[in-house]
Amino acid sequence: MTSLIYTNLKQAFEIKKNPLPWIKAISAGVAAALPAFIGLLFGQLQYGLLAVIGSFTFLYMFNEPYVQRAKKLFFVLLGISFSVGLGTLLAPFPIAQAFTVGIIGMVATFIFGALKIPGPAAIFFVLAFTMTSAMPVDPALAPVRTGFVFLGGVLSWFIAMVGWFFNPRRPEINAVRNIYKELAALLDATGTERFSEARHQTVLKIKAAEEVLKAGYAPWGKPQLYKRLYLLYEQANAIFLEILENDATNNTKLSAELGEFLRTIVKAIDNKDNNISLDTIGVNDIQVENTELIEKVRKAGSILIDELSEESIRISKPSFKTIFGGNIHKNSIVFVSALRYGFILMIAALIAHAFGFDRSYWVTLSCAAVMLGSTIMSTFHRAIQRSFGTIIGILIAMLLLSSHPEGLVIVIIIFCLTTLTELFIVRNYALAVFFITPNAIFMAENTTQIYDLSFFAATRITDIFIGCIIGLVGIFLIGRRSASSRLPHLIAKSIRSQMQFIVLLFSVQKGDIDLSESKESRKMHTNLTNLKVVYTTALGEIPNNRKVLEFLWPVMFSIEHLGYLLDASAKHPGRPMLSDANLAQLLLVFETMAKSVEHKQLLVSKVVPNINGFPHIEKEIKALQEALQIGGQASIKYGSKRNK
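Residues numbered from 1 in each chain as written. Predicted model: local features only at pLDDT ≥ 70, side-chain atom pairs only at ≥ 80, totals over all residues. Heavy atoms only, no water.

Within the largest apolar cluster, 96 residues are counted, with the highest numbers of intra-cluster contacts made by Y180, L183, I617 and I621. When near neighbours in sequence (up to four residues on either side) are disregarded, I621 contacts I502, L562, L586, V589, F590, M593 and V608. (Core = buried A, V, L, I, M, F, W, Y, C linked by side-chain atoms within 4.5 Å. Buried < 20%, exposed > 50% of the residue type's maximum accessible area, 1.4 Å probe, protein only. Contact = heavy atoms within 4.5 Å.)

In structure tokens:
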């Protein structure tokens, strides 16, 4: 027990070696300080500080395509503005406020989870809503407060979009470059023990690039550059599949010169002049038995340097209705987590009101921040980090407030605290809380006449500790095993959806239907996304049988990789039409795998029929069977020990 506590404390205070994001941090500081400075210039500092709440919009900026960033940040600033307006209207009604903050937390958590948007999720919507309880109660001020917060958000939006004027396709360029880097490493690893890991890393980069390119699609803003990048992405898929086919049939080492040629492409992808020659390495002279691979690598070089045709490309993206609909069911960890988050947040707000805490929003806000952890272990780490960081943060806040800062000093303090928060949050959350806490206190309380600083500090620390405890207890009681219990069902469900898609894939010819838009494809993608989230969440639950979960990793890897192969094969013009007997055998193989997981039985392997021209799919299905057998044996061995 002592070692477990020590391990968790060590993990909570681990300093990550991530590079410090100086540009983002300083930009965040400017976004926060500029509204206050403008308010100061016009002699209306309080309105400027209201607009600073809108600057929280900037904290939702990440390295996404600018098209996606513009839309996301716009809706974030609307949400934060709406939260302040609604909080002002409901300020006289604490019970209504408690229920509403739960709904805000639930809705924001669900949207960010379903759309897989990284970042602080619901926390700043909750902060914006609850901070109004520390302001003078006057519902008539709702439009004024909403307006100034909106203006602060608009200013942050413009600051976040500045990079578009200099390199509007930087995220997409980086994503495609990363694919070709991994493909070069994969070529180097062919015929070696490193091939499996290199294959996995390549799949991750390809899938990441697909998401970035789809998110960045827009008919305006250098469409030719976007088209070139998208064609390079599609060609990378073709090269990858050819490498896998080589591994499935020959398992031989490929020429190192091919990898070098791909690295030349990497260097030239963001070269505006694209002045690369196919003869740089002499790709025509490379001796490889697989002429198809040579041709596909050559075509990637041609896409990079040749004039593109006027033919438009077609981007297929799931609708919001499909995404949200696929996440609203009892086995969706996104849906369950959102309900849990909103419910516990509401309970925290009701408790804070019932016991009459001074500035009770600190209880609710601390609970919301702690529950941002995706698992009970990360929630526990957050509670430790927030509790420790709060003590230091309160001391900093006391020091700042005791000097009764005014005017330009307030602006400088906001800039420094915001910048330091963004700098250190990538290293450790506790370090960031050193500056998050005084920043929030300073914005909310700087006009309050605080004569008893020791009472103020004790009250704030008590509020934050209680909020942390409520969040921890709530997560432990409601969600400690929610992911683990859903895992077998979702594995079986994912396997069955792949079975349905593979039957469709090899029973219709290309052009008969749009496979990427089929309900089978959408269902498979939804299940794979849910499964990945559930497995990651299960790893952090208490208690868990970590040994069994670790043995399930090859199953997860194989299911994910098979999903990618099926997606890529849907674009292949030469798909065979399988006989009824072979299709029936495939159905038997997949259904046997699904039932073995559902009933926690050892899998008896079935013969995988031949899929002409797609040996890599055959190989992956066999690998999935082997992984399920190993996972089943581990479940019986370690599961029985645990139950004794």
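Let's pick the thread back up.
This part is about helix α6 (residues 123-131). The periodicity of an α-helix, 3.6 residues per turn, causes residues three or four places apart in sequence to face the same way. Of all nine residues in α6, nine are buried, a share of seventy percent or more. Buried residues of α6: I123, F124, F125, V126, L127, A128, F129, T130 and M131, and no others. (Helix = DSSP H or I, 4+ residues; strand = E, 2+ residues; numbered from the N terminus.)

This part takes up the packing of aromatic side chains. Here the structure, examined in full by the defined rule, presents 20 aromatic pairs. Taking the centre distance of 5.6 Å and the plane angle of 50° together, the rings of Y60 and F112 count as tilted. Of the two residues, Y60 is situated in the loop between α3 (45-54) and α4 (66-90) and F112 in helix α5 (residues 94-114); the sequence distance between them amounts to 52 residues. The exposure classification of Y60 matches that of F112, with both residues buried. With centroids separated by 5.9 Å and ring planes inclined at 25°, the aromatic side chains of F424 and F435 adopt a geometry described as stacked. Of this pair, F424 sits in helix α17 (residues 408-424) while F435 sits in helix α18 (residues 429-445), and the two are eleven residues apart along the sequence. Given the relative accessible area of 14%, F435 is considered buried. (Phe/Tyr/Trp six-rings, centres within 6.5 Å; stacked < 30°, edge-to-face > 60°.)

Close contact between helix α8 (residues 170-189) and helix α10 (residues 223-249) brings their axes to 10 Å; oriented N to C, the two are set at 20°. The pairing of α8 with α10 is recorded here as roughly parallel in orientation. Between α8 and α10 lies a crossing of left-handed hand. Contacts from E172, I173, V176, I179, Y180, L183, L186 and L187 in α8 reach L225, L229, L232, Y233, Q235, A236, I239, F240 and I243 in α10. (Axes fitted to C-alpha atoms, helices over the stretch in contact; angles between N-to-C directions. Parallel < 35°, antiparallel > 145°, perpendicular 65-115°, else oblique. Left-handed = near helix turned anticlockwise from the far one by under 90°.)

Now for the pattern of salt bridges. Pairing is possible between side chains of opposite charge, provided their charged atoms come close. Taken as a whole and assessed by the stated rule, the structure comprises 15 salt bridges. Residues K296 and E242 are paired through a salt bridge, measuring 3.5 Å at the closest nitrogen-oxygen approach. Here the residue K296 occupies a position in helix α12 (residues 291-305), and E242 occupies one in helix α10, the gap between them amounting to 54 residues. Exposure class is identical for K296 and E242. Each is buried. (Salt bridge = Lys/Arg side-chain N within 4 Å of Asp/Glu carboxyl O.)

Our next topic: the state of the cysteines. Within the structure shown, the criterion is met by zero disulfides. In this structure C367 is a free cysteine whose sulfur lies 8.5 Å from that of C468, the closest cysteine sulfur available. Residue C367 is classed as buried on the basis of its relative accessible area, which comes to 0%. Take C468: its relative accessible area is 3%, and that puts it in the buried class. (Disulfide = S-S within 2.5 Å.)

Our next topic: the environment of L155. As for its position among the elements, L155 is in helix α7 (residues 142-160). Between the C-alpha atom of L155 and that of S55, which follows or precedes it by 100 residues, the distance is 7.4 Å. Setting aside its immediate chain neighbours within four residues, L155 contacts L34, P35 and I38.

For the pair helix α2 (residues 22-41) and α17, interaxial distance at closest approach is 8 Å and the crossing angle is 160°. Classified by the angle between their axes, α2 and α17 sit roughly antiparallel to one another. In this structure, the crossing between α2 and α17 has a hand that is right-handed. Packed against α2, whose contacting residues are W22, K24, A25, I26, A28, G29, V30, A32, A33, A36, F37 and L40, the element α17 presents L408, V411, I414, F415, T418, T419, E422 and L423 at the interface. Split into classes, the residues belonging to the contact of α2 with α17 amount to 15 nonpolar, three polar and two charged. (Nonpolar A, V, L, I, M, F, W, Y, C, P; charged D, E, K, R; others polar.)

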